[in-house]
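Below, each chain spelled out in residue letters.
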Amino acid sequence: MPEPMKYEKILDALEELLTSRDMQAITVREIAQAAGIGKGSIYYYFSSKEEILDALIERNYKKPLELAKNLATQKEIPPFTRMAMLFQACRSSSAEFIRQDASVSALETGTEWAFLHQKYLNYMVTELKPVLTSIIQQGIESGDITFDHPAALAEIVLIILTVKLDNTIVPSTEEETAETIRGLICLLEKGTENPVGALNFLMS
C-alpha cells in the first residue's frame, strides 16, 4: 500500500524545485533526491513527471474544488445560489494560484509559467464542468432554469470565469472584469428565461 508521507514528499519536492527550475529541466532523479527517496520509489506512485505535476495541481486546489463538488448534492439550495457559491470557489482557487506563483520569479514570465497556468485552467474547467452541469440540470428539472444544453452552458460559464477572474491571460481592470461578469449574467438571464436583474446577486 502506498505511504501517504512519501507521496506528499514527492509533491513537496516538485513544488520546491519549481521555485527555481523549469518543469522541462527537472528530472525524476532530481525529484527523488529532493524528496529523500530512491528514484525507483517515484514510479511506485507516479508513472511520469507529468503525473506528479497533475497531482500537485490537484492538491493545491483540492479544498475549493471539494466545496464546489459538495454543492451538487445540496438540492435544497436554489440552483443559482449554488452557482454563485461555485463562482466564489473559482475566485478562491484563482487567487490561490496567483498568490502561490506571484513570488516565483522563474515562473513569472515565459513559456514555463504559461505551461503551468494552462495546466491549472484545464484542471479547473475539467473538474468543475460536471459539477456545474449537474446543478444546471437539477435547475431544469425543478423548473427554475429553462435551457436545452446544460453541459455546454456549464463549459461556457467556466471558461469565462476561469480566464476572466484569473486575470493573467487577458489582464483587465476591476471594472472591466465586473462588466464581463455583468454581460455573463445578462446572457444567463436570457438563456435560462429568468427576468432581468434576477441573477444580479451572482456579482457579489
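These remarks concern the structure in this document. (Residues numbered from 1 in each chain as written. Predicted model: local features only at pLDDT ≥ 70, side-chain atom pairs only at ≥ 80, totals over all residues. Heavy atoms only, no water.)

1. Topic: the overall build of the chain
At step 1: Of regular secondary structure, the chain possesses 9 helices and 0 strands.
At step 2: Each of the 204 residues in the chain was classed as buried or not, and the buried ones make up 41%.
At step 3: Sequence-distant contacts in the chain: of pairs separated by 6 or more residues, those separated by 24 or more amount to 63%.
At step 4: Per element, the accessible surface of the chain, about 10800 Å² overall, is 56% carbon and sulfur. (Helix = DSSP H or I, 4+ residues; strand = E, 2+ residues; numbered from the N terminus. Buried < 20%, exposed > 50% of the residue type's maximum accessible area, 1.4 Å probe, protein only. Contact = heavy atoms within 4.5 Å. Areas by Shrake-Rupley, 256 points an atom, 1.4 Å probe, with all protein chains shown as cover.)

2. Quick word on the packing of helix α1 (residues 4–17) against helix α2 (residues 28–35)
At step 1: At a minimum axis separation of 8 Å, α1 and α2 run at an interaxial angle of 110°. Between α1 and α2, the angle is such that the two are roughly perpendicular. Where α1 crosses over α2, the handedness of that crossing is right-handed. The segment α1 lies against α2, with K9, I10, A13, L14 and L17 engaging E30, I31, A34 and A35. (Axes fitted to C-alpha atoms, helices over the stretch in contact; angles between N-to-C directions. Parallel < 35°, antiparallel > 145°, perpendicular 65-115°, else oblique. Left-handed = near helix turned anticlockwise from the far one by under 90°.)

3. Regarding the environment of I37
At step 1: Here I37 is to be found in the loop between α2 and α3 (39–45).
At step 2: Remark: the alpha-carbon pair of I37 and I10, spanning 27 residues in sequence, is separated by 8.5 Å.
At step 3: Not counting chain neighbours up to four residues away, the residues in contact with I37 comprise K6, I10, A32 and I42.

4. A word on the packing of α1 against helix α4 (residues 49–60)
At step 1: For the pair α1 and α4, interaxial distance at closest approach is 10 Å and the crossing angle is 95°. On the basis of the axis angle, α1 is roughly perpendicular to α4. For the pair α1 and α4, contact is made by Y7, E8, I10, L11, D12, L14 and E15 and by I52, L53, A55, L56, R59 and N60, respectively.
At step 2: Split into classes, the residues belonging to the contact of α1 with α4 amount to 8 nonpolar, 1 polar and 4 charged. (Nonpolar A, V, L, I, M, F, W, Y, C, P; charged D, E, K, R; others polar.)

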